[in-house]
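So the chains spell out like this:
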Amino acid sequence: GAVVSQHPSRVICKSGTSVKIECRSLDFQATTMFWYRQFPKKSLMLMATSNEGSKATYEQGVEKDKFLINHASLTLSTLTVTSAHPEDSSFYICSARGLRETQYFGPGTRLLVL
Amino acid sequence: AQSVTQLGSHVSVSEGALVLLRCNYSSSVPPYLFWYVQYPNQGLQLLLKYTTGATLVKGINGFEAEFKKSETSFHLTKPSAHMSDAAEYFCAVSEPGANSKLTFGKGITLSVRP
């Protein structure tokens, strides 16, 4: 149980294009999902908290117009990196919150912007 | 505010030896505590968690951890290391409540020598 999927697993795009990453909770409903960014050899940096049916809450320093988050259903949240640039290249990981504050993580999406 | 300290960045043990990964936390309320493991280019997998009740928690793959309030610690142990245990390990703390976020330690890389 408590499986979270992400799609795509890897994406390469040109600078200036937009990329959408999907996060799905497969066997449970999640009113809250989280989006993280992880740099090489570093811990996870929380970008935003996504709540079903409402606007996402962004962490300080994260541009909400650049990283658009939509949580349209209890099993799906999407992160769109708009007008991507090479500095946006990173490993993006989502999680879905289950019982007792436990977060279940997706497998991650490797984004490379050329 | 909550925080997690994982001292050191790398631990190396021989196959069959005891694994001990240290984690200390600070929290203004009784915390929820988690250990996650990350294999290369993958998301995080929940190893074990402490929320309430028994302070010795058993997880997957033979790992266990003990919540010691007096020491504000939640160290992870495994009696006998296996080669497949080589990975990155993250300790995390959460304060119970709606939309409570996880705060991660910086992670420890575990290497297992043949």
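Report follows, based on the coordinates. (Residues numbered from 1 in each chain as written. Chains lettered and ligands numbered in written order. Predicted model: local features only at pLDDT ≥ 70, side-chain atom pairs only at ≥ 80, totals over all residues. Heavy atoms only, no water.)

## Quick word on the interface of chain B and chain A
Now for step 1: Counting residues at the interface gives 24 residues for chain B and 25 residues for chain A.
Now for step 2: Summing the contributions of chain B and of chain A, the shared interface buries around 1,700 Å²; its carbon and sulfur component is 49%.
Now for step 3: Linking chain B with chain A are one salt bridge, by the criterion used here.
Now for step 4: Across the pair Lys101(B) and Glu59(A) runs a salt bridge whose closest N-O atoms are separated by 2.8 Å.
Now for step 5: Where chain B touches chain A, the interface holds seven residue pairs in polar contact (both at pLDDT 80 or more).
Now for step 6: Listing elements by their share of the side of chain B that touches chain A, those giving two or more residues are strand 5 (32-38), strand 6 (44-50), strand 10 (87-94) and strand 11 (102-104) of chain B.
Now for step 7: In terms of residue count, strand 5 of chain B provides more of the side of chain B that touches chain A than any other element does, four residues in total.
Now for step 8: Residues of the side of chain B that touches chain A, tallied by class, amount to ten nonpolar, eleven polar and three charged. (Contact = heavy atoms within 4.5 Å. Buried area = accessible area lost by both parts, 1.4 Å probe. Salt bridge = Lys/Arg side-chain N within 4 Å of Asp/Glu carboxyl O. Polar contact = N/O pair within 3.5 Å; in protein donor to acceptor, adjacent residues only side chain to side chain. Helix = DSSP H or I, 4+ residues; strand = E, 2+ residues; numbered from the N terminus. Nonpolar A, V, L, I, M, F, W, Y, C, P; charged D, E, K, R; others polar.)

## Overview of the pairing of strand 7 (residues 67-73) of chain A
Now for step 1: Judged from the five bridges that link them, strand 7 of chain A and strand 8 (residues 76-81) of chain A form a sheet pairing that is antiparallel. Residue pairing for strand 8 of chain A: Leu68(A) is matched across the bridge by Thr80(A). (Pairing = 2+ DSSP bridges.)

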